[in-house]
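Observations on the three-dimensional arrangement
Letter by letter, the chains look like this.
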Amino acid sequence: MATRRYHQAGLYPRHIDIFKLTENFVATLSVTGENIQNFHFVLRAETLLSSMGFILLGLFPGTRHVSVLIFTILLVYIVAISGNTTLVLLLVLDPQLHSPMYFLLSQLSLMDVSLISTTVPKMLTNFFSGTSDISSIACGTQIYFHSVSGGSECILLTLMAYDRYVAICKPLRYGAIMNSEVCFQMAMVSWGGGAFNALIQTIYTLHLPRCGAREVHHFFCELQAVLKLSCEDTSIYEKVVFVDGIVLNLIPFGLILASYIFIFHNVLRLNSTKARNKALTTCSSHLMVVCLYFGPTMFIYMIPSVLHTSEQDEGLSVFYTILTPMLNSLIYSLRNKEVGKALKKVLGKVYNIR
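Below: a short report on this structure. Every chain's residues receive numbers from 1 upward, in the order its sequence appears when written. Under the rules for a predicted model, residues below a pLDDT of 70 receive no local features and side-chain atom pairs below 80 are neither given nor counted, while totals for whole chains, interfaces and linings still include all residues. Side-chain figures throughout are based on the complete set of non-hydrogen atoms in the structure, without hydrogens or water.

**What to know about helix α8 (residues 180-207)**
- When the terminal C-alpha atoms of α8 are compared, their 41 Å separation across 28 residues agrees well with the 40 Å that a helix rising 1.5 Å per residue should span.
- Turning to α8, its buried residues number three or more, namely C183, M186, A187, S190, G194, N197, A198, Q201, T202 and T205.
- In what follows, residue pairs with any heavy atoms lying within 4.5 Å of each other are defined as contacts. Every helix listed is a DSSP run of H or I at least four residues long, and every strand listed is a run of E at least two residues long, numbered separately from the N terminus. Residues of α8 that are buried in the fold lie against α5 (100-129), α6 (136-169), α9 (223-227) and α10 (235-267).
- Residue N179 occupies the N-cap position of α8, its side-chain oxygen lying 3.1 Å from the main-chain nitrogen of E181. To estimate how far a helix should reach, multiply one less than its number of residues by 1.5 Å. Exposure classes here rest on a 1.4 Å probe applied to the protein chains alone. A residue is buried below 20% of its type maximum, exposed above 50%, and partly exposed in between. Think of a polar contact as two N or O atoms within 3.5 Å of one another; within protein, one of them needs to be a possible hydrogen donor and the other a possible acceptor, and neighboring residues in sequence only count if both atoms come from side chains.

**A word on the packing of aromatic side chains**
- Centre distance within 6.5 Å is the pairing criterion for rings of Phe, Tyr and Trp, where only the six-membered ring of Trp is used; planes under 30 degrees apart are then read as stacked, over 60 as edge-to-face, and the remainder as tilted. Counted by the stated rule, this structure contains 11 aromatic pairs.
- Here F71 and F128 contribute two aromatic rings whose centre-to-centre distance is 5.7 Å and whose plane-to-plane angle is 75 degrees, an arrangement assigned as edge-to-face. Pair noted here: F71 is in helix α4 (residues 66-93) and F128 is in helix α5, with a separation of 57 residues, a long-range link.
- Taking relative accessible area as the criterion, F71 reaches 45% and is therefore assigned partly exposed.
- Each ring, one from Y162 and one from Y165, has its centre 6.3 Å from the other, and the planes form 35 degrees; the classification is tilted. Here Y162 and its partner Y165 are both found in helix α6, 3 residues apart, which amounts to about one turn of the helix.
- Through a chain of ring-to-ring contacts, the aromatic side chains of F253, Y293, F294 and Y320 assemble into a single cluster.

**What about the pattern of salt bridges?**
- For this analysis, a salt bridge means a side-chain nitrogen from Lys or Arg found within 4 Å of a carboxyl oxygen belonging to Asp or Glu. All chains considered together, the criterion is met by 3 salt bridges.
- As a salt-bridge pair, D133 and R214 come within 4.0 Å of each other at their nearest N and O atoms. Separated by 81 residues along the polypeptide, D133 in strand β2 (residues 133-134) and R214 in the loop between α8 and β3 (215-216) bring together distant segments of the chain.
- A residue is classified by how much of its surface remains accessible, and R214, at 3% relative accessible area, is buried.
- One salt bridge connects D163 with R164, and the closest N-O pair in it is separated by 3.0 Å.
- A relative accessible area of 11% places R164 in the buried class.

Below, the structure is given as structure tokens:
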């Protein structure tokens, strides 16, 4: 029965003896002066356990048509990488797109590439290789870069709303306020804020003892899914995660909504129908991206984990880590006439060269 329990936990035969020995020592050991050596042995054994890494249960375990789902995600990944890379190249190559709004948009595309590349390649590698293991270092790397990309995107989307506010509500001062130095500072604040938050979250999460648990009920090393493996009380840290969600999700979302209240108030006062439509088109693209990203993240990180299941978390994670990076590039390319003109111009040059 014990051996079957170890296999159900995803442990291989070479690990079972170590687990049995460690569990026996932890259950019976009394730390006194005469058995310090045994206690040190237990610590070394537990260190070995923690270095074994994790087992990713994958996307929706038990799904009948996993192959169809994986190949769909592969297609989405290709479209997302191609779309965002093309968008960044267009914004760099076309001088007409060298404006604050498009500079911030290029940073958003880079964040989307980072966000989707943090999770999908490992998922695909595990599927095609038939394995589900991930090392502790790789798991920590996933947690860190996923948190960097996610946190940075929250900050950047807020700053993009401020850019639209200045462009529409204070057009005469736009060039002075949104100069190149300010744009660069906005990018640094976004990346730096996300990196600092991610570093704290990753160090604390991986520092918690796991007591032999290895199965992550997710398709990547998501912070809250890894936290559930800890044998310590994580209620205080979960409150910290909730506060972090307020800082990086609720407050930015509130600032974005406040910006658009002022924006729509000014747009409705414009006399020119053409100017009004152009402003609404630009703002609607940004609002769509905001809703696609903030909706799932606020549900996952601001609603107590007892009120939603692992399956719901996985589904929403697929939405904001895989689908949203693809949709962002399509929204800004298909709904933006200037980007469309730049793409036609570049394709025309390539065609003429050939």
